[in-house]
Amino acid sequence: MRLGSGAFAACCVVIEVLGVALFLRGFFPAPVRSSSRAEQRAEPAAPEPSAGASSNWTKLPPPLFKKVVIMLIDGLRDDFVFGSKGVKFMPYTTYLVEKGASHSFVAEAKLPTVTMPRIKALMTGSLPGFIDVVRNLNSPELLEDNVITQAKAAGKRIIFYGDETWVKLFPKHFVEYDGTTSFFVSDYTEVDDNVTRHLDKVLKRGDWDVLILHYLGLDHIGHVSGPSSPLIGHKLREMDSILMKIHTSLLSEERETLVPNLLVLCGDHGMSETGGHGASSMEELNTALILISSAFERKPGDIRRPKHVQQTDLAATLAIGLGLPIPGNSVGSLLFPTVEGRPVREQLRFLHLNAVQLSKLLQENVPSYEKEPGFEQFKMSERLHGNWIRLYLEENNSEVLFNLGAKVRRQYLDALRTLSLSLSRQVAQYDIYSMLVGTVVVLEVLSLLLLSIPEALSNKAELEVPLWSPVFSLLFYLTLLVLSALHVIVCTSAESSCYFCGLSWLTAGGVMVLVSALLCAVVSALAKTFGDGKFLSRNPAHPKPRWSELDVLILLGTMGHVLSLGASSFIEEEHQTWYFLINTLCLALCHEIYRNCLLRDDSEPQQCPHVEEEFIRTAAALQDRSTGCDTLEPHGVSRSLTSLDTLRGYEKWMVLASPWVILTCCRLLRSLNQTGVQWAHRPDLGHWLTRGVIEARFVHVFVLGILFTGTKDLLKSQVIAADVTIKTVGLWEIYSGLVLLAALLFRPHNLPVLVFSLLIQTIMTKFIWKPLRHDAAEITIMHYWFGQAFFYFQGNSNNIATVDISAGFVGLDTYIEVPAVFLTAFATFAGPVLWASHLVSFLSSETSSGSALSHACFCYALICSFPVSAYIILVTSLRYHLFIWSVFSPKLLYEGMHILITAAICVFFTAMDQTNTKS
C-alpha cells in the first residue's frame, strides 16, 4: 500500500505515544492501594518488652492531648517563619518560637513538592510516588492507612475547612467541612476568608476532637507574584493573627479542663524564588513545622533552635499524641521533643511502638531485613528495654536505672533513624516488564523511521507500506508465539504487581500483535534498504548526495543534544545546550550567506542555490515557471536561481545582517528569564518589567473567532479543492489566533519573548530561507531547534516548579478543569507549538511542491523520536541514580508531554498534506 511520508510519520508517532505511555506507567507505577491495613488496626498493640517479669502495659497509651488543631499554610517555607519575614510579619508566632511553650522544626519535604502528595506524606508518614505530581490535578480517595482514618475509626470527630483536596482524599471522614478550590491561583483573599469565617463559631464549640485548616492564599500569591511580592507580608501578618486567635482559644479552654491541647502550624511545601513549587530546590523542600502546647514546659532563658526533621515524622507524632496506632506504611520517626517531658517509662513505650511499626514495615519490604543495621539496633534496644523494665518493676530507683534508661532511649532513637533511612530507600519500585514493552515499541518505531528515510525524503514523498505481508509471514507468528509464552511466564511468576500483566488478554494480545508486526516491518525495511543500498540517501535518484556544512551541523547538534541527556547537570541546565545550538546555527547561516553571496569568480557572480546538483535537477522545471525570488521550493524546486546581486540594496544588506540580528535577539532573550537550577535565583530583565477577567474573556472570544474562521477556510479549501489561497489564509489565521492567545496568557514581562519570536520568524523567512532556498528538512529542523530554545526563553526548565499555572486561569473566575489544563499546557509549550504552526503555514504558503509538508512531517517526527527513545534507555539504565527523582523523572514527564504534542502536530501536518494533495 502506498502511503504518504507525512501520514506514515503521523501513524508512527501515534504508536510511539502508546509506547511512551506504557513506559511511563511502568516507571511511575500507581501506588498500591489496599485496605488490608484495616486488619492490622484490629491487632493488639505490641506489648512492652520484658525480661523475666510480666508487664501490664499491653494496650495503646492514652492520648497526650485532648484536642488537636492543624493549621496548614500552603507554601509556608521555613524562612517565612524563622527568617526576617517571620520576625517582621509574624510577631506572635516568633514569640512562641523563641519564648513560648513550643517545639520548632524545619521539616524537609520529599519530591514531588506539590500539595496532594505532601498531604499524603503528612497523614500517612509514607513517601508518595513521583507520579502523584500528575494525580495532584484530580485527587482520588486515599485508601492507604493514615491518621485521619485511624482517628475516625477511634470515634474522633474531625472538622475540616480549606483546600478541597482533603475532601477528595478523605471523603465521609469529616463531620463538618467546607472545601475551597485550590487551583484558582488568582484568588488569594476569599480562598482564606472562606476558612476563617468558620473559626469563631467552631472554637466556641466543644463537639470536636481534630480541627484541620488549610490556607491557600500564601501559595497563590507566590504563583502570581513570587516570594518577594509585598503581598507576602500582608498574608503572613493575617496568618499570624489567626494563629493567635486559635492559640488563645485553646489556652482558655485548657484552664477549664486542665487537659493540654496541641496546635500544629506547618506547611505542605515551600516556594521557589520564582513562586512555583514541585521540584528539589531547598526553598521548595524546607517547610516550617511548629508544635505548640502547654504540655511543653520551657525554662526561662531556654533557647531552642529549629531542628531539621522529615515531614513524614508528623504522622507518627500525631498518632502518638491522639492515642492512635501509627499508620502501617509510615517511614517517619516520633518527634521525641514532644514526649521528653513525660516519665521515662512512657518515653520508652512510645519509642518502642514506633520501632516495632518500622521493623514490621522493613520485614515486608526487604527480604534480608535481619542483616539491616536498623533491625539489629532495634533488637538490641528491645533487649535493653526489657532489662530496664525488669529493674523498674523491682522498684529499683538507683542511678543504674537512670543511666540504663538514657542508654535505651539513645539506642531507640538511633534505631528509628536508621530504620527510617533504610525504608526511605525502598521507594523506587519499578514495573520493569511494562517499561520493557514500552521501550521495545518506541525503539521499533524509531528504527522504522530511520530505515524509511530514503523513500520518505524522495521527490514523491511516498512509501510502500506492506500491511498484510507481516500478518502472513512466518516471522510474525513465531514472534507472537514467543511473546505470548514470555507474557505467561512473566505474569505467573511476578511477585509484585505489574500493570501490563493486569491488562485483559485481548488488550495485551493486541500490544503483542503490534510489537510483532512492527518487528516484521523493521526486518522488511532492513532487507530492502541494505539490499538496494539506499541507506541515508536523500534521493534514490542520486546515490551520492553532497552533505553541506549546515547539514553536518544539524546532525551533530541533534545527536549531541541527545547524548547530553545522560548527565543530570546537562538536564538541569538544558537551556544552555539549546542556546549554544541556535547561536552556532546563526553563525553557520552567516558563513553560508557570506560564502554564497560575497565570494565569486572574476567573470561571473556567485549564485545562491543550495547545492549544484539541485540546480541541474531543476533547470528543466524552471523553463516553464515565472521568475522571481519571492517563492521558496524545498528540495531545490525553486522558481528562480537569482543571485542576491539582483536584490535591492536594503534587502541584500538585510540578508547579510539577519544572522547578527537574530543573535542579538537571542542574547536579549537569554537575559529576560533566568532558568535552570544554578542561576535561577540571579536577577534578570523580567524583574524590571511588570489583566482583568472581563478583558481576557473578550480576547478569548476574539481568539475563538479567529480560529473558527481559519478552520472554516481550511475545510472550505478541502471541500472545494480549487483555490490553495483559501487554505493558506486559513493557516495564517489559525497561527495568528495562537499568537494572540499566547500574548494573552504570557506574563507581561514575557511578552518580549513573543515579539522576538515573531521578529526572528520574519527575518528567517524573508532573508534566509527564501534567498538560500533551504530544503524542507533543514527548515523543519531549524524550526524545531528554535522552538526548543524559546521554550527556555520563556523561563521554563526541566523543573516542575517553573510551570506557570496562573496562565490556566486567565479569563476564568472559578476553576474549570479542562480549560485550565489546556491553557496551562499551551502557555508552557507555546514556543514549540508556535514554531511548529509557523512551519506548516510557511511551507503551505511558500511552496507549490506537494511533498514539502510530507517531508516536514517526517523530519519532525524523526527528530522528536530521537531524544525520547534515547532518554527512555538512559532513564532505565540510571533508574537507581541519586538524582533519578529530582532531575531525571521531571524531564521524563516533559518528554512524555512533548511526544504527545508532536503526535498532534504530525496529525495536523498530515491533514494539511492531504489538503495539498487534493488541491
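Residues numbered from 1 in each chain as written. Predicted model: local features only at pLDDT ≥ 70, side-chain atom pairs only at ≥ 80, totals over all residues. Heavy atoms only, no water.

Take the overall build of the chain next. Helices and strands together make up the secondary structure of the chain, namely 36 helices and ten strands. Per-residue burial for the chain yields a buried fraction of 55% across its 919 residues. As displayed, the chain has an accessible area near 39,000 Å², and 61% of this comes from carbon and sulfur atoms. (Helix = DSSP H or I, 4+ residues; strand = E, 2+ residues; numbered from the N terminus. Buried < 20%, exposed > 50% of the residue type's maximum accessible area, 1.4 Å probe, protein only. Areas by Shrake-Rupley, 256 points an atom, 1.4 Å probe, with all protein chains shown as cover.)

What follows deals with the pairing of strand β7 (residues 262–266). Across the five residues of β7, five count as buried, placing the element largely inside the fold. A two-sided burial pattern is seen for β7, the buried positions comprising L262, V264 and C266 on one face and L263 and L265 on the other. Strand direction decides the pairing type here: strand β2 (residues 68–73) and β7, joined by five bridges, are parallel. Paired with I70 across the strands is V264, a residue of β7. Where β7 and strand β8 (residues 286–292) come together, four bridges link them in antiparallel fashion. If you follow L265 over to β8, its bridge partner there is I290. (Pairing = 2+ DSSP bridges.)

Time to look at the state of the cysteines. One pass over the full model with this rule turns up one disulfide. Covalent S-S linkage joins C491 and C501, the inter-sulfur distance amounting to 2.1 Å. The sign of the S-S torsion, about -85°, decides the handedness of the disulfide formed by C491 and C501: left-handed. On the criterion of sequence distance, the pair formed by C491 in helix α21 (residues 474–493) and C501 in helix α22 (residues 499–502) is long-range, its members being ten residues apart. With no disulfide of its own, C12 has C11 as its nearest cysteine by sulfur position, at a separation of 7.0 Å. (Disulfide = S-S within 2.5 Å.)

Let us look at the confidence of the model for the chain. In low-pLDDT regions, the fine details of the predicted coordinates are not to be read closely. For the chain, per-residue confidence averages 82 on the pLDDT scale, and residues scoring 70 or more make up 83% of the total. Low pLDDT, under 50, characterises residues 31–41; the stretch is placed with 16 contacts to residues that sit more than four places away or in other chains. Confidence drops under pLDDT 50 across residues 601–643; counting only partners more than four residues distant or on other chains, this segment forms 84 contacts. (pLDDT = per-residue confidence, 0-100. Contact = heavy atoms within 4.5 Å.)

A complete count under the given rule lists 20 salt bridges for this structure. Between E48 and R345 there is a salt bridge, and its shortest N-O distance comes to 2.8 Å. Taken together, the residues span a long stretch of sequence, with E48 in the loop between α2 (37–42) and β2 and R345 in helix α16 (residues 344–365) at a distance of 297 residues. Of the two residues, E48 and R345, neither departs from the other in class, the shared state being buried. Two residues, E895 and K891, come together in a salt bridge whose shortest N-O distance is 2.9 Å. With E895 and K891 both in helix α36 (residues 884–918) and four residues apart, the pair spans about one turn of that helix. Judged by its relative accessible area of 6%, E895 falls in the buried class. Given a relative accessible area of 4%, K891 falls into the buried group. A network of salt bridges, in which partner residues are shared, links R77, D79 and E273. (Salt bridge = Lys/Arg side-chain N within 4 Å of Asp/Glu carboxyl O.)

Before going further, it helps to examine the pairing of β2. The buried fraction of β2 is high, at six of six residues. In the sheet, β2 pairs with strand β6 (residues 210–215) via six bridges, with the strands oriented parallel. In the strand pairing of β6, I70 is matched with I212.

Inspection of every chain in the model, using the stated rule, returns 25 aromatic pairs. Judged by centre distance (5.4 Å) and plane angle (50°), the ring pair of W769 and F842 falls under tilted. Note that W769 is positioned in helix α31 (residues 751–772) and F842 in helix α34 (residues 830–846), a separation of 73 residues in sequence. With respect to burial, W769 and F842 carry one shared label: buried. Plain terms: the ring middles of F790 and F793 are 5.0 Å apart, the flat faces sit at 85° to each other, and that makes the pair edge-to-face. Of this pair, F790 and F793 both sit in helix α32 (residues 776–793), three residues apart, which is roughly one turn of the helix. (Phe/Tyr/Trp six-rings, centres within 6.5 Å; stacked < 30°, edge-to-face > 60°.)

Hydrogen bonds between backbone atoms are what pair the strands of a sheet, whose relative direction is either parallel or antiparallel. Taking strand neighbours across the sheet as the criterion, the eight strands line up as β5-β4-β6-β2-β7-β8-β3-β9 in an open arrangement whose pairing is mixed. The sheet is open, and its two edges are formed by β5 (176–180) and β9 (307–310), each paired on a single side. Between one strand axis and the next, the sheet turns by 15° as a mean value, whatever way the strands run. Sheet topology places strand β3 (residues 102–108) next to β9; four bridges connect them, and they run parallel. Counterpart to F105 in the pairing with β9 is K307. (Axes fitted to C-alpha atoms, helices over the stretch in contact; angles between N-to-C directions.)

Further remarks concern a nonpolar patch on the surface. On the surface, V482, L486 and I489 cluster together into a nonpolar patch covering about 270 Å² of accessible area. By secondary structure assignment, the location of I489 is in helix α21. (Patch = residues over 30% accessible without salt bridge, like charges linked within 9 Å, V, L, I, M, F, W, Y side chains within 5 Å.)

Once that is clear, we can look at empty space enclosed by the protein. Where empty space is left becomes clear once a probe the size of a water molecule has been rolled over the atoms. Roughly 130 Å³ of internal volume is contained in the largest cavity. Around the largest cavity sit 14 residues that line it, and Q788, Y792, K891, E895 and H898 are the ones nearest its centre. Taken together, the elements giving at least two residues each to the lining of the largest cavity come down to α32 and α36. Of the residues contributing to the lining of the largest cavity, the split by class is seven nonpolar, four polar and three charged. In this structure, the second largest cavity encloses a volume near 60 Å³. Surrounding the second largest cavity, F746, V753, L754, S757, F790, Q794, A830, G831, L834 and W835 form its lining. Going through the elements one at a time, α31 and α34 are the ones with two or more residues in the lining of the second largest cavity. (1 Å grid on protein atoms, 1.4 Å probe; cavity = no way out; pocket = protein on both sides within 12 Å on 5 of 7 lines; lining within 4 Å. Points joined across faces, edges and corners; volume = space filled by probe spheres on them. Nonpolar A, V, L, I, M, F, W, Y, C, P; charged D, E, K, R; others polar.)

A word on the side chain of E16. Following the sequence through the fold, E16 ends up in helix α1 (residues 5–27). Notably, E16 is buried but unbridged: the nearest opposite-charge side chain belongs to K891, and the N-O separation is 13 Å. Engagement of the side chain of E16 in a polar contact is seen with the side chain of S865, the distance being 2.8 Å. Dropping the residues within four chain positions of it, E16 is found in contact with V442, V445, S865, V868, S869 and I899. (Lys, Arg positive; Asp, Glu negative; His and termini not counted. Polar contact = N/O pair within 3.5 Å; in protein donor to acceptor, adjacent residues only side chain to side chain.)

Before going further, it helps to spend a moment on the packing of helix α24 (residues 549–564) against helix α35 (residues 852–877). Here α24 crosses α35 at 25°, and the two axes come no closer than 9 Å. Here α35 runs roughly parallel to α24, going by the angle between their axes. In terms of crossing hand, the pair formed by α24 and α35 is right-handed. Contact with α24, carried on its side by T558, M559, H561 and V562, involves I863, F866, P867, A870 and L874 of α35 and no other residues of that element. (Parallel < 35°, antiparallel > 145°, perpendicular 65-115°, else oblique. Left-handed = near helix turned anticlockwise from the far one by under 90°.)

What follows covers the environment of T728. As for its placement among the helices and strands, T728 is situated in helix α30 (residues 724–745). Taking C-alpha positions, T728 is 8.7 Å from F842, a pair spaced 114 residues apart along the chain. Dropping the residues within four chain positions of it, T728 is found in contact with S844 and S845.

Within the element layout of this structure, D163 appears in strand β4 (residues 158–163). Although D163 is buried, it forms no salt bridge, and the closest oppositely charged side chain is K168 at an N-O distance of 7.4 Å. Contacts of D163, omitting those with residues within four sequence positions, involve D74, T115, T180, S182, H214 and L216.

What follows deals with the packing of α34 against α35. At their nearest, the axes of α34 and α35 sit 9 Å apart, and the two run at 155° to each other. In terms of orientation, α34 and α35 fall into the roughly antiparallel class. Once α34 is placed against α35, the crossing between them reads as right-handed. Contacts between α34 and α35 involve P832, A836, L839, V840, L843 and S844 from the first element and A852, L853, A856 and Y860 from the second. Residue classes in the contact of α34 with α35 are distributed as nine nonpolar, one polar and no charged.

Attention shifts here to α16. Residue pairs spaced three or four apart in an α-helix point in one direction, given the helix's 3.6 residues per turn. Helix length check: α16 (22 residues) gives 32 Å between terminal C-alpha atoms against 32 Å at 1.5 Å per residue, within 8%. The element α16 is largely enclosed, with a buried count of 17 among its 22 residues. (Expected span 1.5 Å × (residues − 1).)

A few words on unusual backbone geometry. Backbone geometry at L258 places phi at a positive 60°, although glycine is not the residue there. Tracing the backbone through its elements, the reader meets L258 in the loop between α13 (230–257) and β7. Taking the relative accessible area as the measure of exposure, L258 reaches 71% and is therefore exposed. The phi angle at R773 is positive, at roughly 50°, despite the residue not being glycine. Inspection of the secondary structure assignment puts R773 in the loop between α31 and α32.

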